[in-house]
Structure formats: structure tokens, C-alpha cells
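As a plain string of letters, each chain reads:
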Amino acid sequence: MKLSKRSEEFIANVRMYLMTSGKNEREIDEVAEELEDHLAELERRGESVDRITGDSPKEYLASLEQEMDNDYGGWLKYVPAFLLSFAAFAAMGPAIRGMFSLNLLQLIGYPVVGAIVIVLYRAMFRKMAVGQWSNKKLFFAGGGLSMLSVLLFVGVLLASSFIMDPFYTAGRTGNLVVILVSAAAFAAAAMMMGSWLLITIPVALFLPEWLILSMPLGLGDEAKMMMVAIIPYIAVALVVTAQLFYEKRKINHA
Amino acid sequence: MTTSQMLKGVLEGCLLAIIGRGETYGYEMVEKLGEYGLTMVSEGSIYPVLLRMQKEGLVMTVMRPSPNGPKRKYYRLTAAGEEELEAFRDRWNVMAGAVGNLLEGSGKDEVVEEK
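Only a predicted model underlies this, so the values are computations on that prediction, with no experimental measurement involved.

Colleague: Outline the overall build of chain B, supporting the account with residue identities and numerical values.
Modeller: For chain B, the count of helices and strands is five helices and three strands. Per-residue burial over chain B gives 37% buried out of 115 residues. Taking contacts inside chain B between residues at least 6 apart in sequence as the whole, the part at least 24 apart equals 49%.

Set out below in C-alpha cells:
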């Protein structure tokens with residue numbers, strides 16, 4: 001029996017909420033299957049998901065969270081993929097611009113920004129799971145957050161290069177090597193996570209920049225810099241929101 | 001305090017009693033509770049409790065195909081579950097008697113005289 005759209009969304013939200021609280025995947029599957037069965041019975045009698053959660057979906061999710069085991073080990077397997085893609089994000093942009101270098105402030109700043117971004121995304125996914133978000137809200141939150149994270153990274157890059165001198169500056173070959181290694185790191189991380197996002201986001205972020213900088217567009221340097229400053233972020237926001245819509249569609253059509 | 005709120009505190013005991021009457025699954029438990037007049041505002045609240053009971057070894061579960069979809073989780077009492085049900089029955093009888101006495105007002109006079 002096929003569940004209604006609202007019920008399917010509820011199940012997806014339960015999964016998302018419990019996953020972001022670091023719960024055991026097998027337990028999440030078991031609970032989700034029981035709830036699906038319960039919803040199927042309810043819908044056959046013309047009732048809705050409200051019978052399950054009562055007045056407050058938020059309280060209901062919290063009560064599930066409380067009774068379930070934490071399984072942070074399940075999250076540990078994502079750490080290598082995260083480190084790889086994180087380093088590749090930080091390295092590829094400057095290398096494309098032919099000015100890859102490293103300084104102390106970046107070595108500290110990037111991990112800090114990375115941690116902030118993770119906390120923000122986790123908070124967004126949890127909020128999304130508790131409240132039933134509209135597509136519009138999803139667009140602004142997802143797009144806004146991905147823009148913000150890119151801006152934070154660029155902020156560290158710019159601020160650190162103004163404040164201190166690098167301890168390593170790459171030459172022509174060095175930059176090329178960094179680009180190739182970063183691309184390989186993205187591909188490896190994408191395979192580990194089983195997610196196209198780690199291919200599509202870097203492509204959206206770096207391909208326009210590389211094209212703009214390397215093509216003879218007959219534009220002045222200033223115009224090129226303007227385009228480089230704007231287009232990649234729009235492209236990333238589009239990719240992220242497209243992915244979110246795709247995920248929602250997949251849930252609705254499952 | 002609503003019936004639903006009061007039920008929360010004794011939900012585990014009630015579920016033990018329902019499961020004790022024979023193998024059953026989530027939705028059916030809610031239905032059976034309802035037949036006894038025990039209705040819940042949020043039916044989903046049985047699942048966190050069932051999870052805990054499973055971890056405490058009070059119930060064992062088995063997955064079987066259902067008419068709805070791929071799988072359904074059936075619950076059965078373990079020996080520990082039977083024991084816990086007996087213990088709950090004793091505690092409940094004491095509690096119900098005491099609250100009953102309190103509400104009827106019997107025993108109130110003696111307490112005053114003792115002062």
C-alpha cells in the first residue's frame with residue numbers, strides 16, 4: 001500500500017532527525033519501518049500522521065531520540081571523506097588562480113570554518129525535519145547557507161593573505177599538481193560518501209572560474225574578477241537547491 | 001491532567017499486559033489499548049517505550065511479512081517480561097487501592113485524630 005505524500009515526508013523527517021542526532025542506522029531503519037506500517041494502518045482508516053505525533057511533532061521526535069542509542073562510530077566513517085573534500089575545497093580555488101600558497105592562519109582558519117559550517121548544516125537539517133518546510137523556505141535556507149559557507153572560506157583566504165606571508169608558494173607546476181590532486185580528492189570523497197554533490201559542487205564552484213580566467217573573452221581584468229566573484233556562488237546555490245528538490249521528489253515518488 | 005497524560009506513566013505496564021496476551025504488533029497494540037478505553041493523543045509514543053523494553057530484554061521481536069508492505073515487527077514477552085508484568089500488577093494494585101482510598105476519603109479521620 002502506498003502512503004500519502006505527507007506520511008512519506010514524515011518518515012523522511014524522522015530519518016533525517018535521528019541521523020543528525022547520530023543514532024544507530026539499523027535502529028533508525030527498524031523504527032522507520034514500524035512507523036510506516038502504523039501509518040499504512042491509519043491511512044486505511046482515513047486517519048493521518050497527526051494520530052502518531054499528537055500535538056507536537058517536535059516533542060515526539062525528541063522522545064524517540066531519547067530512547068535510541070547513539071552510534072557516533074557510524075559517523076566516523078565519513079571523516080576521511082570529509083577531510084579530503086575539505087582540503088580540496090580550500091586548495092583548488094587558489095591553484096586555479098595560479099597562486100596556491102599556504103600560511104599559518106589558513107591552517108588554523110580552515111578547520112575552524114569547516115567546523116562552523118558543519119554545525120550550521122546539522123542545525124538546518126534538524127530544523128527542517130521538525131517543522132514541515134515549504135520549498136521556498138528550503139530554497140532560501142539551503143541556498144543561503146551554501147553561499148555563507150563559501151564566503152567564510154573566501155574570508156579566511158583573503159584575511160590571512162593580507163595579514164601574513166605564506167611559508168609555501170606554488171609555481172606553475174605546483175599549482176597544476178594541486179589542481180589534479182584536489183580533483184582526485186573530490187572524486188575519492190564522492191565515492192566514499194556515495195554522493196554526486198562532491199562532484200557537482202566543486203564543478204559549479206571551480207569550472208566557471210577556470211573558464212572565465214582562461215578564456216579570451218575580450219573582457220578587462222576587472223570585469224573578469226567581478227564575474228569570478230559572483231557566478232560560482234550562484235552556480236553552487238543552484239546545484240544545492242536542485243539536489244534538495246531532487247531528494248524531496250525522490251521521497252515523494254518512492 | 002488528561003487520561004493520555006496519566007497513561008504515559010503506566011504505558012510500559014499496559015504494553016506488557018497487551019503483549020502478554022499473545023504476539024502482537026504496534027498498531028494492533030494501540031487498537032487493543034483503545035478497546036479498554038485507554039486512548040492516546042500521540043499513538044507514536046508506544047514506539048520509544050517498546051524500544052526501551054526491547055533493550056531491557058522484556059520483549060523479543062520477530063520480523064514477518066505483512067499485508068501492508070514488506071515487513072512488520074511482532075512482539076512477544078520474554079521470561080523477564082513476564083516477571084516485570086507480575087511486578088507491575090502488584091505495584092498497580094497497591095497504587096490503585098491507595099489512590100482509591102484517598103479519593104473516597106476513608107482513613108482521613110484517623111490521620112487527623114493521630115495529630
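Colleague: Describe a nonpolar patch on the surface, and please don't skip the residues or the numbers.
Modeller: Residues and elements named next belong to chain A. Among the surface-exposed residues, Leu 104, Leu 107, Ile 108, Val 112, Ile 116, Leu 120, Leu 148, Phe 167 and Tyr 168 lie close enough to one another that they form a single nonpolar patch of about 810 Å² accessible area. With six residues, helix H7 (residues 104-130) is the largest single contributor of residues to the nonpolar patch. Take Leu 120: it is sitting in helix H7.

Colleague: Lay out the UniProt feature "transmembrane region" (unreviewed entry) in chain A in plain terms, naming residues and giving numbers.
Modeller: Residues and elements named next belong to chain A. Those places that UniProt annotates as "transmembrane region" (unreviewed entry) correspond, in this numbering, to residues 75-96, 108-125, 137-164, 170-189, 196-213 and 225-246. Here residues 196-213 runs as 94% helix and 0% strand, with 26 Å between its end C-alpha atoms. Taken end to end, residues 225-246 has its terminal C-alpha atoms 32 Å apart, with 100% of it in helix and 0% in strand.

Colleague: Tell me about the sheet that holds strand E3 (residues 72-77) of chain B, and please be specific about residues and values.
Modeller: Reading across from one edge, E1-E3-E2 (chain B) is the order of the three strands in this open sheet, with antiparallel pairing throughout. The two strands at the open ends of the sheet, each matched to only one other strand, are strand E1 (24-25) and strand E2 (59-64) of chain B.

Colleague: Which residues make up the pairing of E3 of chain B, and what are the values?
Modeller: All names here are of chain B. The element E3 is extensively covered by neighbouring structure, given that five of its six residues are classed as buried. Examined bridge by bridge, E1 and E3 share two bridges and lie antiparallel to one another. Residue pairing across strands places Tyr 25 opposite Tyr 74, the latter belonging to E3. Here six bridges tie E2 to E3, and the two strands are oriented antiparallel to one another. The partner of Thr 61 across the bridge, within E3, is Tyr 75.

Colleague: Report on the domain arrangement of chain A, specifying residues and quantitative values.
Modeller: All names here are of chain A. Assigned domains of chain A: these are domain 1 (5-73) and domain 2 (77-253). Inter-centroid distance (C-alpha atoms) of domain 1 to domain 2 is 33 Å. Taken together, the contact pairs 15 residues of domain 1 with eleven residues of domain 2. Here domain 1 packs against domain 2, burying approximately 1300 Å² in sum over the two surfaces, 54% of which is carbon and sulfur. For domain 1, the biggest contributors to the area lost against domain 2 are Asn 13, Met 16 and Thr 20; these three give 36% of the whole. Across the contact surface, domain 1 and domain 2 share zero salt bridges. Counting across the interface, domain 1 meets domain 2 through one residue pair in polar contact (both at pLDDT 80 or more). Elements that contribute at least two residues to the side of domain 1 that touches domain 2 include exactly helix H1 (5-20) and helix H4 (57-67). Here the element with the most residues in the side of domain 1 that touches domain 2 is H1; it accounts for eight residues.

Rules behind the numbers
- Residues numbered from 1 in each chain as written.
- Chains lettered and ligands numbered in written order.
- Predicted model: local features only at pLDDT ≥ 70, side-chain atom pairs only at ≥ 80, totals over all residues.
- Heavy atoms only, no water.
- Helix = DSSP H or I, 4+ residues; strand = E, 2+ residues; numbered from the N terminus.
- Buried < 20%, exposed > 50% of the residue type's maximum accessible area, 1.4 Å probe, protein only.
- Contact = heavy atoms within 4.5 Å.
- Patch = residues over 30% accessible without salt bridge, like charges linked within 9 Å, V, L, I, M, F, W, Y side chains within 5 Å.
- Areas by Shrake-Rupley, 256 points an atom, 1.4 Å probe, with all protein chains shown as cover.
- Salt bridge = Lys/Arg side-chain N within 4 Å of Asp/Glu carboxyl O.
- UniProt positions renumbered as here; feature names shortened; annotations may be inferred.
- Pairing = 2+ DSSP bridges.
- Domains from an automatic or database assignment.
- Buried area = accessible area lost by both parts, 1.4 Å probe.
- Polar contact = N/O pair within 3.5 Å; in protein donor to acceptor, adjacent residues only side chain to side chain.

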